[in-house]
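# A closer look at the structure
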Amino acid sequence: MWAAAAAAAAAAARGWLARGGAAAGAGGGRRGLAAAAAGGGGGGAPAVEVHNPGGARRVVVTKRLPGTRWLEVLTQRLGARVEIMTDHADVIAPTQAIVDLIGDRCDGVIGQLTEPWGEELFPALARAGGKAYSNYAVGYDNVDVPVATRHGIAVGNTPGVLTETTAEIAAALTLAAARRVVEADVFMRAGHYKGWLPDLFVGKLLQRGTVGIIGAGRIGAAYAKMMVGGHNMDLVYYDKYPNQGLENYVQNYGEALAKGGEAPVTWRRVDTVEELLEVSDVVSLHPLLDKSTHHLMNSERLARMKPDAILVNAARGPVINEADLVQHLNANPEFRCGLDVFEREPLMAPGLEKCPNAVIVPHIASASSWTRGGMATLAASNVAGLLAGFPTYEGTDMGPFVDGPMGDFPDACPSVVNAAELKL
C-alpha cells in the first residue's frame, strides 16, 4: 500500500513540477523556498532545508529532527517533499514564522511541544489544504485538539518510545540529588578540593528507603522498578487505578529476597497524596497534567514531606508550584529536588538557579538517541499514514515502526489522538 501511495504522489508531482514547484535540489535550502513551494507566500517565508523537491505532497517540519529513518518514511515511502525550517533553530519558533512556513499549500506538519498549536496555527494549516499534524512528543498539552478537529486536521503523537528513557532521567535526578553530585562537580571544577574530609558533601543513602510514586502509569512504574530493584526500596504509590503488574513485580521481588535470606521489599497503594508524602524518602511525580494536578505540589504539601526528602519531576512543570518550591528549598537545606521540567519553560522561578539543593536539567528526559530518533519516525509515520489514508495502528508495540525492516513497515498511523472524532 505504501508503494501505491508513493506512485500516486509521483504522478501528482509531475503536475506540480510543471507549475514550477521544485525550487531546489535535495538537501538544499534558501529563504523563500517555502513560499515558492506553496505557490505564493511573501518575502517573509523562513529559510528551509529541502528534501525530495519533486515530491507531490508538501510536509513541513518546524525543527531539525534526529536520525534519517523519519525522512525516508516521508520522502521515499510517501513520496513527499519535506521542508525543514532552519530559522529559529536554537529557540522556540515564533507563531508567525510557522504560519509563514505553512504558506499557501501544505499537506502536513511535524511540530514541537513548545509551539501553541491552536486557534492561529490550525486555521492556517487548514487554509493551506493541510489534513495532518503530529506533535514531536507523546504529550500534547500544547495542542488544542478540539480546534484541530473542528478544522478537520488529525493530530498525532509519539507514544511507546519514551518510557524507559524518561524513567532513567528520573532515576538519574534522584541519584544526583541524593548524593549531591552537581554540588560536588561544581566544587571540583572551581579548584576547591584540598583533600578528603569526613563531612564533605555527605548525602542521603537510598538503600532500604521508601520511594513514593504519584502516577503509576508506564513511566512511573518503570521508575519504581528501577528504584525497587536497584536499591531495595519499599514502594508506596498513589494512582486512581491500581497497577497490578507493578504490584506483582514488587511482590515477586520481595519473595525472591526473602528466599535468599534478605528482608523483603513491600508495596502499598495509598488513598491520599498526603499519606504518600509523609512516609516517602523519595517522591517522583508522574501524573497527567490537568486541573486536578496543576500545582499538585504546593507549600502545604511540601511541608508534609520529610525534611531530607527528595522530590523529582520529569513529568509536567506546572504540577509543582515552583515559587513555593524555591521557598521550601531555601528554608530546608537538607531537602533536595531534581527537575527536568519547569512551570513556565524555558523560564525558571526566580531564585531556583541559586538553590544548591536543586538539580536542574533542560527538559532532556527523552534525550537518548534511540528515543529521539524513534519519536521522529513515529511523528513522520503519523503524517505519512494520514496523508496516505491509512487507519490508526491497533497495537501498542511501536517496534515495527521504529526498529523493523522498512519492507515490513506497517500500513498504519502509530497514534492519532482525535481519530474517533474524525472517524478515521
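Above this note sits the structure.
Here's a quick rundown of the structure. (Residues numbered from 1 in each chain as written. Predicted model: local features only at pLDDT ≥ 70, side-chain atom pairs only at ≥ 80, totals over all residues. Heavy atoms only, no water.)

Next up on the list: the pattern of salt bridges. This structure, assessed with the given rule, holds 17 salt bridges. Between E183 and R336 there is a salt bridge, and its shortest N-O distance comes to 3.9 Å. Placement of the pair is E183 in helix α8 (residues 181-189) and R336 in strand β13 (residues 336-339), with a sequence separation of 153 residues. Considered together, E183 and R336 belong to a single accessibility category, that of buried residues. A network of salt bridges, in which partner residues are shared, links K204, D281, K306 and D308. (Salt bridge = Lys/Arg side-chain N within 4 Å of Asp/Glu carboxyl O. Helix = DSSP H or I, 4+ residues; strand = E, 2+ residues; numbered from the N terminus. Buried < 20%, exposed > 50% of the residue type's maximum accessible area, 1.4 Å probe, protein only.)

Now for the pairing of strand β2 (residues 48-51). The two faces of β2 match: V48 and V50 on one face and E49 and H51 on the other face are all buried. Here β2 runs beside strand β4 (residues 81-85); their pairing, made up of four bridges, is antiparallel. Bridge pairing links H51 to V82 in β4. (Pairing = 2+ DSSP bridges.)

Attention now goes to the packing of aromatic side chains. Counted according to the given criterion, the structure contains seven aromatic pairs. Taking the centre distance of 4.3 Å and the plane angle of 35 degrees together, the rings of W117 and Y133 count as tilted. On the criterion of sequence distance, the pair formed by W117 in the loop between β5 (108-111) and α5 (121-127) and Y133 in strand β6 (residues 132-135) is long-range, its members being 16 residues apart. Exposure class is identical for W117 and Y133. Each is buried. Ring plane angle 85 degrees and centroid distance 5.5 Å describe the contact between F401 and F409, whose orientation is recorded as edge-to-face. Residues F401 and F409 agree in their burial class; the two are buried. Each residue in the set W117, F122 and Y133 is aromatic and connected to the rest through ring pairs, giving one cluster. (Phe/Tyr/Trp six-rings, centres within 6.5 Å; stacked < 30°, edge-to-face > 60°.)

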